[in-house]
Amino acid sequence: MNVRTTISIIKADIGSIGGHTKPSDEVMEYCKKNLEQEKGKLLIDCYVTRCGDDIELLMTHEKGVDAKEIHSLAWNTFKAGAEKAKEQGLYGAGQDLLSDAFSGNVRGMGPGIAEMEIEERPAEAFIAFMADKTEASAFNLPLYEMFANPFNTAGLVLDPKLHEGFKFEVHDVKGSRRIIFDTPEEAYDLLALIGLTDIYAIKSVYKKSGEIAAVASTEKVNLIAGRYVGKDDPAMLVRSQSGYPATGEVVDPFARPFYIAGWMRGSHRGPMMPVGEKDANPTRFDGPPRIIALAFSLKEGRLTGPVDVFADPGFDDARRQANEMANYMRRHGPFQPHLLPPGEMEYTTLPGVLKKLEDRFEKI
Ligand code: F6R
Ligand code: MG
Ligand code: MG
């Protein structure tokens, strides 16, 4: 029998303790309880966690992607959770819930969404990635490594099931357009776009047969709000093993920390630091940007796990390197390349400062 299951991550920052650090235990407990109540009803299973100040609702069900009931459950959980956060005086309480008029889908309302409907394999394995203080295009480099770089993914060379390559769906996050590339055939064209992380973000990856392999949340909360409300702090689901990159191949790109946009005020370049769940509390200069990775097994929608992948001492050196990279960047203070170029900061206060100075420029 073919079991079709949907895995949904819906995430939002609804307030955190003492700055943009982590939600309170009380708000986390409330969100957990609210989802647990739906187990055996709307949901098959669920797992609630957080990365930095973002609460991540991971849910399994049979309703498909963009299902009204699932989005409502997440929205109502966040709404009520934000009320609790307000009662506790948490910072930025409800900051990602941008509208009061919920219309059945949280897309465009502030929360980030990564969902995939799959036909379960006999032993389905997937990894949920969740990041804080960065944007969706931070996944461009690691997704390329996982699914298109044989120096990362040995299976692309060695495993006949991976050898034909994958398809990448790339979104122009400002232009509301998308384009699909085949790899390895079009790897250079793909790279020409996804290296421009201020414009293009990989939305999903498919096997050549059309089965989903990975999906990321690409909602731009600032574009939705029309003002600065922080970076999007994306989440991503990646399937692994038998026909997909092995779990070890999926997570290895994060052992080589790379620079991304985000960090303090969403306006700085910094390293992506892989950490275990308990260490996902960005504090130094509101960072460095963090990512957690949780590996699950799935059977008829039921979750087993997770394994907290980046808690592995195998990632200790990546953390050390990321701290060193952070030190290099912090030396630059308000200078580029630590500071992002103006186009990438359009929703911070910088445009206001530049506008104020406009009249004082003299021709030379
Ligand atoms: C980054 C982020 C923080 C804040 C910073 C200032 O995404 O959320 O770095 O931008 O702490 O916050 P406010 O303006 O709320 O004082
Ligand atoms: Mg926040
Ligand atoms: Mg955040």
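See above for the structure.
Residues numbered from 1 in each chain as written. Chains lettered and ligands numbered in written order. Predicted model: local features only at pLDDT ≥ 70, side-chain atom pairs only at ≥ 80, totals over all residues. Heavy atoms only, no water.

Draft legend 1. Structural context of the coordination of the magnesium ion (ligand 3). Note on the magnesium ion (ligand 3): its protein donors are Asp-53 (OD), Asp-54 (OD), Asp-132 (OD) and Asp-233 (OD). The metal-donor distances range over 2.0 to 2.1 Å. In primary sequence terms, the donor set of the magnesium ion (ligand 3) follows D-D-x77-D-x100-D. Separating the magnesium ion (ligand 3) from the magnesium ion (ligand 2) is a distance of 4.4 Å, and Asp-53 supplies a donor atom to each of them. Taken together, the positions of Asp-53 in the loop between β2 (45-51) and β3 (54-61) and Asp-132 in strand β5 (residues 124-132) put the pair 79 residues apart, joining distant regions of the chain. Exposure remark for Asp-132: the relative accessible area of 0% places this residue in the buried category. (Donors = N, O, S within 2.8 Å, 3.2 Å for Na, K, Ca; no water. Helix = DSSP H or I, 4+ residues; strand = E, 2+ residues; numbered from the N terminus. Buried < 20%, exposed > 50% of the residue type's maximum accessible area, 1.4 Å probe, protein only.)

Draft legend 2. Main features of the coordination of the magnesium ion (ligand 2). The protein atoms donating to the magnesium ion (ligand 2) are Asp-13 (OD), His-20 (ND1) and Asp-53 (OD), with metal-donor distances spanning 1.9 to 2.3 Å. Of note, the donors binding the magnesium ion (ligand 2) are all from one chain and are spaced D-x6-H-x32-D. Judged by relative accessible area, which is 26%, His-20 ranks as partly exposed.

Draft legend 3. Representation of the nonpolar core in the model. Core analysis: the largest hydrophobic core is formed by 41 residues, its most contacted members being Phe-129 and Phe-147. Per-element tally for this core: the top contributor is helix α3 (residues 140-148), with five residues. If we ignore the near neighbours within four places in the chain, the residues touching Phe-147 are Leu-156, Phe-166, Phe-168, Thr-183, Val-205, Ala-213, Ala-214, Val-238 and Pro-245. Residues Val-27, Tyr-30, Leu-90 and Val-106 belong to the second largest nonpolar core, which totals 28 residues. (Core = buried A, V, L, I, M, F, W, Y, C linked by side-chain atoms within 4.5 Å. Contact = heavy atoms within 4.5 Å.)

Draft legend 4. How the structure looks around the site of ligand 1. His-20, Tyr-91, Lys-133, Tyr-228, Gly-230, Lys-231, Trp-263, Met-264, Arg-265, Gly-266 and Asp-286 make up every residue found near ligand 1. Take Tyr-91: an N or O atom from its side chain is 2.7 Å from an oxygen atom of ligand 1. At 2.9 Å from an oxygen atom of ligand 1 is found a main-chain nitrogen or oxygen belonging to Arg-265. For ligand 1, the accessible surface in isolation is 410 Å², of which the surrounding protein chains cover 73%. Of all the cavities here, the one that holds ligand 1 is the largest pocket. Its residues assigned to classes, the shell around ligand 1 shows four nonpolar, three polar and four charged. (Near = heavy atom within 4 Å. Polar contact = N/O pair within 3.5 Å; in protein donor to acceptor, adjacent residues only side chain to side chain. Areas by Shrake-Rupley, 256 points an atom, 1.4 Å probe, with all protein chains shown as cover. 1 Å grid on protein atoms, 1.4 Å probe; cavity = no way out; pocket = protein on both sides within 12 Å on 5 of 7 lines; lining within 4 Å. Sits in = over half its atoms within 2 Å of the grid points. Nonpolar A, V, L, I, M, F, W, Y, C, P; charged D, E, K, R; others polar.)

Draft legend 5. Geometry of the pairing of strand β1 (residues 4-12). Burial runs high along β1: eight of the nine residues are buried. With eight bridges joining them, β1 and strand β4 (residues 112-119) adopt antiparallel strand pairing. Pairing of Ser-8 across the sheet is with Glu-115, part of β4. When β1 meets β3, the two strands line up antiparallel, connected through seven bridges. When the sheet's bridge partners are listed, Ile-10 is paired in β3 with Leu-57. (Pairing = 2+ DSSP bridges.)

Draft legend 6. Highlighting empty space enclosed by the protein. Under the counting rule described, the total for this entry stands at three cavities of 30 Å³ or more. When its volume is computed, the largest cavity comes out at roughly 170 Å³. Surrounding the largest cavity, 17 residues form its lining, Glu-135, Lys-220, Asn-222, Lys-231 and Glu-344 being those nearest its centre. Across the lining of the largest cavity, the residue classes tally to four nonpolar, five polar and eight charged. (Points joined across faces, edges and corners; volume = space filled by probe spheres on them.)

Draft legend 7. Inspection of the pairing of strand β7 (residues 177-182) at higher detail. For strand β6 (residues 166-172) and β7, the ladder comprises six bridges, and the chain directions are antiparallel. Within β7, the position partnered with Lys-167 by the bridge is Asp-182. From the end of β6 to the start of β7, which pair antiparallel, there are four residues, and Ser-176 there has a positive phi angle of about 50°.

Draft legend 8. Examining the side chain of Ser-267 more closely. For Ser-267, the position within the fold is in the loop between β11 (259-262) and β12 (268-271). Judged by its relative accessible area of 5%, Ser-267 is buried. One polar contact links the side chain of Ser-267 to the main-chain carbonyl oxygen of Arg-265, over a distance of 2.7 Å. If sequence neighbours within four positions are ignored, Ser-267 has contacts with Gly-262, His-338, Leu-339, Leu-340, Met-345 and Thr-348.

Draft legend 9. Quick peek at unusual backbone geometry. With an omega of -15°, the peptide bond running from Gly-287 to Pro-288 counts as cis. Along the chain, the position of Pro-288 falls in the loop between β13 (273-274) and β14 (290-299). Cis geometry is adopted by the peptide bond preceding Pro-337, which originates at Gln-336 and carries an omega value of 10°. Its place among the elements puts Pro-337 in the loop between α8 (316-330) and α9 (350-357). In the Ramachandran plot, Arg-265 falls in the positive-phi region, its phi being about 55° despite a non-glycine side chain.

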